[in-house]
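The lines below spell out each chain.
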Amino acid sequence: MKKIILSLIFLIIAGNIFAQETYKPSKTQFLVRGYGSAGYHSSNDEGEKETTFNTGTFAPIFLFKLSDKLMFETEMEFAFEGGELETALEYANIMYTMNDYMTVRAGKFLLPFGTFMERLHPSWINKLSTVPLGFGHDGIVPASGVGVELRGAFAMGGSKFNYALYSTNGPKLNLGEHEPEEVGMLIFNNTEDNNNGKSFGGRIGYLPFTDSSTELGFSWMNSKVGDRESDYEDTSAKLFAYDFTFVKKINPLGGVVDIRAQYNQTLVDDAEYIELHEGVEEEYTFENDSDAFYAQLSYRPSSSSSDFIKSLEFVGRYSELNTPEGSEWESNVKQTTFGLNYWLSWRSVIKMNYQTTTGTGGHGGGEIDQNEFSIHWAFGI
């Protein structure tokens, strides 16, 4: 019995020594980040007034690092809409760093179509409480896609370049089965492909100066959008975007100037659509081209000796949206937004915005004349 006990003790000690010699700390890391907002909103739409407090939104971001080269990321969004909790999966993808100049990822990811949706849309990063015309619901700009992407950056002759190339399921042509007034629009939130043709696109960014204060970008996407084995199977869409960024501290102005702009264009092949008129189906068509533009300027007096003043930020944005003439969703809309922000910290901001929207068209048709005021508290963690 004594020999058995001694043998067991020896094995335990030897096992501990072996484990201490061979064990290596895991490089796996798990991190939770995210952002959220809450606030108050008031609008006057052609004499109809509406005021409400927002119940708030929260978007947790989960980052899981498996090794120095392999990482998984996902973002969820929780918000109350119409008295019900709405949830959405903004993105979920796995990334592998091939070398200093290339990273590949697969899954659902924010598309590098311009810069707004990929870099600026989170509520604590977006300097205003709303998004420019052409983005978001009923917009002409894709936000995310399901597929694969290769991206990276490199320097050349004192300048810098970044690039992204991707293939996704792509957008789908809305044929108006559920909402006839949206026939001809593109549906971007496709988790499954409606045809056998994949979307191909990318973005090239050029930073000409060594301080990286200025960036010029060009984006594109080509895609089949019609349903397979349908009359629209060969219908295609071509999307383009041009973006500009300038962010720099200007000493004579005593603060940071931030200028951003993006122009978007969507070109969809001509197609014959079905319209139900007085119980009779009729075919009609229109030139399915849309464009949108926004320009934004902000100034923060960061060099002020007053803590209160240097926490302020002044923002102005102008945007336009023009959708196809002859479509049920034809519109020509202009929007101007002014904002005053107060930064409680580098990741927490109170935003006060006043916005006017004018033009014609939209789902209801006719004149658009809307004024909005909002106060939002946004934070990032």
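Rules used throughout
- Residues numbered from 1 in each chain as written.
- Predicted model: local features only at pLDDT ≥ 70, side-chain atom pairs only at ≥ 80, totals over all residues.
- Heavy atoms only, no water.
- Helix = DSSP H or I, 4+ residues; strand = E, 2+ residues; numbered from the N terminus.
- Buried < 20%, exposed > 50% of the residue type's maximum accessible area, 1.4 Å probe, protein only.
- Contact = heavy atoms within 4.5 Å.
- Lys, Arg positive; Asp, Glu negative; His and termini not counted.
- Charge placed at Lys NZ, Arg CZ, Asp CG, Glu CD.
- 1 Å grid on protein atoms, 1.4 Å probe; cavity = no way out; pocket = protein on both sides within 12 Å on 5 of 7 lines; lining within 4 Å.
- Points joined across faces, edges and corners; volume = space filled by probe spheres on them.
- Nonpolar A, V, L, I, M, F, W, Y, C, P; charged D, E, K, R; others polar.
- Core = buried A, V, L, I, M, F, W, Y, C linked by side-chain atoms within 4.5 Å.
- Patch = residues over 30% accessible without salt bridge, like charges linked within 9 Å, V, L, I, M, F, W, Y side chains within 5 Å.
- Areas by Shrake-Rupley, 256 points an atom, 1.4 Å probe, with all protein chains shown as cover.
- Salt bridge = Lys/Arg side-chain N within 4 Å of Asp/Glu carboxyl O.

Draft legend 1. A look at the overall build of the protein. Scanning the protein from N- to C-terminus turns up two helices and 20 strands. When burial is assessed residue by residue, the protein has 40% of its 381 residues classed as buried. Restricting to contacts in the protein with at least 6 residues of sequence separation, those with at least 24 account for 57%. Computing the positive centroid from 29 side-chain charges and the negative centroid from 52, the protein places the two 21 Å apart.

Draft legend 2. Region of the structure containing unusual backbone geometry. The backbone of Ser-212 sits at a positive phi, close to 55 degrees, despite the residue not being glycine. Of note, Ser-212 is situated in the loop between β10 (199-207) and β11 (214-224). For Glu-229, which is not glycine, the phi dihedral falls at a positive 55 degrees. Inspection of the secondary structure assignment puts Glu-229 in the loop between β11 and β12 (236-250). Assessed through its relative accessible area of 75%, Glu-229 is described here as exposed.

Draft legend 3. Structural view of empty space enclosed by the protein. Per the stated rule, a full pass over the model turns up three cavities of 30 Å³ or more. Its residues assigned to classes, the lining of the largest cavity comprises five nonpolar, five polar and one charged. There is about 60 Å³ of room inside the second largest cavity. Along its surface, the second largest cavity is lined by Leu-111, Pro-142, Ser-144, Gly-145, Val-146, Thr-168, Gly-170, Pro-171, Phe-188, Asn-190 and Met-221. A breakdown of the residues in the lining of the second largest cavity according to their chemical character gives six nonpolar, five polar and no charged.

Draft legend 4. The environment of Glu-281, seen in detail. Of note, Glu-281 is situated in strand β15 (residues 280-284). With 22 residues separating them in the primary sequence, Glu-281 and Ser-303 have C-alpha atoms 66 Å apart.

Draft legend 5. Quick peek at the nonpolar core. By size, the foremost hydrophobic cluster in this structure holds 32 residues, and its most contacted members are Phe-113, Leu-173, Leu-186, Leu-239 and Tyr-273. Those elements that provide at least two residues to this core are α2 (116-120), β12 and β16 (289-300). Excluding residues that lie within four positions of it along the chain, Phe-113 makes contacts with Val-141, Pro-142, Tyr-166, Ser-219, Trp-220, Met-221, Leu-239, Phe-240, Ala-241, Gln-262 and Asn-264. Counting five residues, the second largest nonpolar core, distinct from the first, contains Ala-59, Ile-61, Tyr-91 and Leu-110.

Draft legend 6. A look at the layout of surface pockets. Considering only enclosed or pocket space, the second largest pocket measures out at about 450 Å³ in volume. Around the second largest pocket, the lining comprises 23 residues; the ones closest to its centre are Ile-61, Glu-73, Tyr-91, Leu-110 and Glu-118. Listing elements by their share of the lining of the second largest pocket, those giving two or more residues are β1 (29-45), β3 (70-81), β4 (84-99), β5 (102-110) and α2. Split by residue class, the lining of the second largest pocket holds 11 nonpolar, four polar and eight charged.

Draft legend 7. Layout of a nonpolar patch on the surface. On the surface, a cluster of nonpolar side chains totalling about 740 Å² of accessible area is made up of Phe-338, Leu-344, Ile-350, Met-352, Tyr-354, Phe-373, Ile-375 and Trp-377. Residue assignment for the nonpolar patch shows that the elements contributing at least two residues are β18 (331-345), β19 (348-361) and β20 (367-380). One can find Ile-350 in strand β19.

Draft legend 8. Local environment of the environment of Val-256. Relative to the helices and strands, Val-256 resides in strand β13 (residues 255-268). When the C-alpha positions of Val-256 and Ser-298 are compared, they lie 8.1 Å apart, and in sequence the two are 42 residues distant. Beyond its immediate stretch of four places on either side in the chain, Val-256 contacts Val-247, Lys-248, Lys-249, Ser-298, Tyr-299, Arg-300 and Ser-302.

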